[in-house]
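If you want the building blocks of each chain, they are given just below.
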Amino acid sequence: MLLLYTEYTFSMKTRILHIDMDAFFASVEQVKNPSLKGKPVIVGGAKEDRRGVVSTASYEARKFGVHSAMPLAQAKKLCPHGIYLRGSQGDYGRYSKLIQKILLTVSPLVQMASIDEAYLDISGSIRLFGSEDQVAQYIKESIANETQLPCTVAISNCKLVSKVASANGKPDGYVNVKEGKEAAYLAPLLIRELPGAGPKICEKLNKIGIMTIGDLAQYSSEALKRQFGAMAVSLQKAASGIGSSKVSLGREAKSISRETTFPEDVGDWTYLEKMISYLRERVMHSLRNEGMEAKTVVLKVRYGDFTTKTFSKTLPGPTSLDKEVEEVTKDLITKGRKSSKKVRLVGIGVSQLVHNQHQLSIFDEVGNEKWERATQSIDQLREKFGFDAIRSAKTSTLGKRVKLSTPSLSK
Ligand code: TTP
Ligand code: MG
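Below or above, wherever it landed, is the structure these notes cover. Predicted model only: the values in this text are computed from it and were never measured. (Residues numbered from 1 in each chain as written. Chains lettered and ligands numbered in written order. Predicted model: local features only at pLDDT ≥ 70, side-chain atom pairs only at ≥ 80, totals over all residues. Heavy atoms only, no water.)

1. Structural notes on the coordination of the magnesium ion (ligand 2)
Thinking step 1. Every protein donor of the magnesium ion (ligand 2) is listed here as D20 (OD), M21 (O) and D116 (OD), and their distances to the metal cover 2.0 to 2.2 Å.
Thinking step 2. Because the angles between the six donor atoms bound to the magnesium ion (ligand 2) fall within 81 to 176 degrees, the donor set is best described as octahedral.
Thinking step 3. Mapped onto the sequence, the residues coordinating the magnesium ion (ligand 2) show the spacing D-M-x94-D. Taken as a pair, M21 in strand β1 (residues 16–21) and D116 in the loop between β5 (110–114) and β6 (117–121) lie far apart in primary sequence, 95 residues in all. Comparing M21 with D116 shows no difference in burial state: the two are buried. (Donors = N, O, S within 2.8 Å, 3.2 Å for Na, K, Ca; no water. Tetrahedral: all angles 85-135°; square planar, octahedral: opposite > 155°, others 65-115°. Helix = DSSP H or I, 4+ residues; strand = E, 2+ residues; numbered from the N terminus. Buried < 20%, exposed > 50% of the residue type's maximum accessible area, 1.4 Å probe, protein only.)

If you want it as structure tokens, here you go:
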């Protein structure tokens, strides 16, 4: 009995596989047009396009220094003989779905983390395939056979280490970080390879002599706390190879909204504004919980005579930050209140959702660092004490607990 039990727990050790397609958009273009194979392909804009940035570049183009997010003009200087393409989102989406389908034949626990990457909990599949290496080989071969696309796969005991390992094994690679070897694997890597450690934080760490992830793991926790505050703990945890192994499943929401009908029609826009702010805060909280960002904000107003109007605005880029959506909501309210009619229902929603690229970040630092950190602490408090535990000054006058007539309209 004891033997059986030991064997059972051993076989159910959590192992997480991360897969990321190599130069995804450019590789799809090379599959669509095989004459582009082996050539420097840059997706983001055609040769004659002056503005815009590089979405991605094939590994042949990367040799010239071209990379994602680089202005096209600069890429053209570095790689004038490159093949520049505008790209076709529809094709990339179709290939992404095909890859997801293949991955689901390996394990039902698949989390698509972006259009070209996924985490799989393969703990229950290893026996079936024979070994971890065979799981990886099966995935690489099936994808190659069915799509002709190259990818890199990594396996470890958590999402963070597998993500770092697959980035390191690119292109067309496979890395297996054995149980207990996570910290040792990360140790020699430069600090910037830790998800979320961007240029500013790296500079700060370098200044105190921390160059590698190993340096960070070894550094005095007390001294690090003095420099980085509460963030020091998560930094060191990540550097030691400790991370989540929870693969989030579930149907992805296409939009997230909250609305409420008032017991009596309301004409007081100061009150309505507060209620809209409250609904917005709830929507944004759910959005972040889903690990998503949204591009479009929609305000719905049903007037006393039952006419319903929606006002929407699309942001220049996706966000999960309250303050960015707050600005847009203000503009929508200005439109909604133009009518002198009393209001029966208000609702706020976000759509055009994309996966949050910073999901694994310890913290981000491009401009919104402070906001993201504040938002993270708010979400953590709400996780513990419920949504109403912490509210903005604006909505606090609505009372301690706000009851919505339709508390959970959508995800
Ligand atoms: P990535 O997986 O980051 O990049 P990649 O697949 O092109 O290259 P590799 O993984 O081998 O390093 O992103 C996946 C796709 O997302 C990429 O092919 C194009 C798109 N993308 C952008 O449009 N803009 C960006 O800034 C980035 C990073 C990616
Ligand atoms: Mg990729």
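2. Quick notes on the pattern of salt bridges
Thinking step 1. Applying the stated rule across the entire model yields 17 salt bridges.
Thinking step 2. Of the charged contacts in the structure, one is a salt bridge between E48 and R86, with a shortest N-O distance of 3.7 Å. Placement of the pair is E48 in the loop between β2 (41–43) and β3 (56–57) and R86 in the loop between β4 (83–85) and α5 (89–103), with a sequence separation of 38 residues.
Thinking step 3. Taking relative accessible area as the criterion, R86 reaches 53% and is therefore assigned exposed.
Thinking step 4. One salt bridge in this structure joins D322 and R288, with 2.8 Å as the shortest N-O distance. Here R288 lies in helix α14 (residues 269–289) and D322 lies in helix α15 (residues 322–336), a separation of 34 residues in the sequence. You'll find D322 and R288 in the same group, each marked buried. (Salt bridge = Lys/Arg side-chain N within 4 Å of Asp/Glu carboxyl O.)

3. Thoughts on the packing of aromatic side chains
Thinking step 1. If you walk through the whole model with that rule in mind, you get five aromatic pairs.
Thinking step 2. Ring geometry for F24 versus F25: centroids 5.9 Å apart, planes at 55 degrees, classification tilted. Considered together, F24 and F25 belong to a single accessibility category, that of buried residues.
Thinking step 3. Directly above the aromatic system of Y59 lies the positively charged group of R62, at a separation of 4.1 Å from the ring centroid.
Thinking step 4. When the ring centre of Y84 is taken as origin, the NZ or CZ atom of K76, which lies over that ring, is 5.7 Å away. (Phe/Tyr/Trp six-rings, centres within 6.5 Å; stacked < 30°, edge-to-face > 60°. Lys NZ or Arg CZ within 6 Å of the ring centre and 35° of its normal.)

4. Digging into the site of ligand 1
Thinking step 1. Near ligand 1 you find 13 residues, and of these D20, A23, T56, Y59 and R62 are the closest.
Thinking step 2. S55 has a polar side-chain atom sitting 3.3 Å from an oxygen atom of ligand 1.
Thinking step 3. Between T56 and ligand 1, the recorded distance is 2.5 Å, taken from a side-chain N or O atom to an oxygen atom.
Thinking step 4. Within the complex, 67% of the 550 Å² of free accessible area of ligand 1 lies under protein.
Thinking step 5. Those elements giving two or more residues to the shell around ligand 1 turn out to be β1, α2 (24–32) and α3 (59–62).
Thinking step 6. Looking at the shell around ligand 1 residue by residue, the classes come out as five nonpolar, three polar and five charged. (Near = heavy atom within 4 Å. Polar contact = N/O pair within 3.5 Å; in protein donor to acceptor, adjacent residues only side chain to side chain. Areas by Shrake-Rupley, 256 points an atom, 1.4 Å probe, with all protein chains shown as cover. Nonpolar A, V, L, I, M, F, W, Y, C, P; charged D, E, K, R; others polar.)

5. Side note on the sheet that holds strand β10 (residues 292–303)
Sheets are built from strands paired through backbone hydrogen bonds, the pairs being either parallel or antiparallel.
Thinking step 1. Taken together, the four strands give an open sheet; going across it, the order is β9-β12-β10-β11, and neighbouring strands pair in antiparallel fashion. Either end of the sheet is taken by a strand with one partner, and the two such strands are β9 (255–266) and β11 (308–319). Each strand axis lies, on average, 10 degrees off the axis of its neighbour in the sheet, ignoring direction.
Thinking step 2. Bridge analysis of β10 against β11 gives eight bridges, and the strand direction is antiparallel. Residue pairing in the sheet places V301 in a bridge with K309 of β11.
Thinking step 3. Together, β9, β10, β11 and β12 (343–355) form the strand contacts of α14, whose direction differs from that of β9 by roughly 155 degrees.
Thinking step 4. Its contacts with the sheet place α15 against β10, β11 and β12, and it is angled at close to 155 degrees to β11. (Pairing = 2+ DSSP bridges. Axes fitted to C-alpha atoms, helices over the stretch in contact; angles between N-to-C directions. Contact = heavy atoms within 4.5 Å.)

6. Some thoughts on unusual backbone geometry
Thinking step 1. In this chain, K170 is followed by P171 through a cis amide linkage whose omega measures -10 degrees.
Thinking step 2. Relative to the helices and strands, P171 resides in the loop between α8 (159–168) and β8 (174–176).
Thinking step 3. Positive phi, normally seen in glycine, also occurs at A69, with a value near 75 degrees.
Thinking step 4. Not every positive phi belongs to a glycine, and F306 is a case in point at roughly 75 degrees.
Thinking step 5. Secondary-structure assignment places F306 in the loop between β10 and β11.

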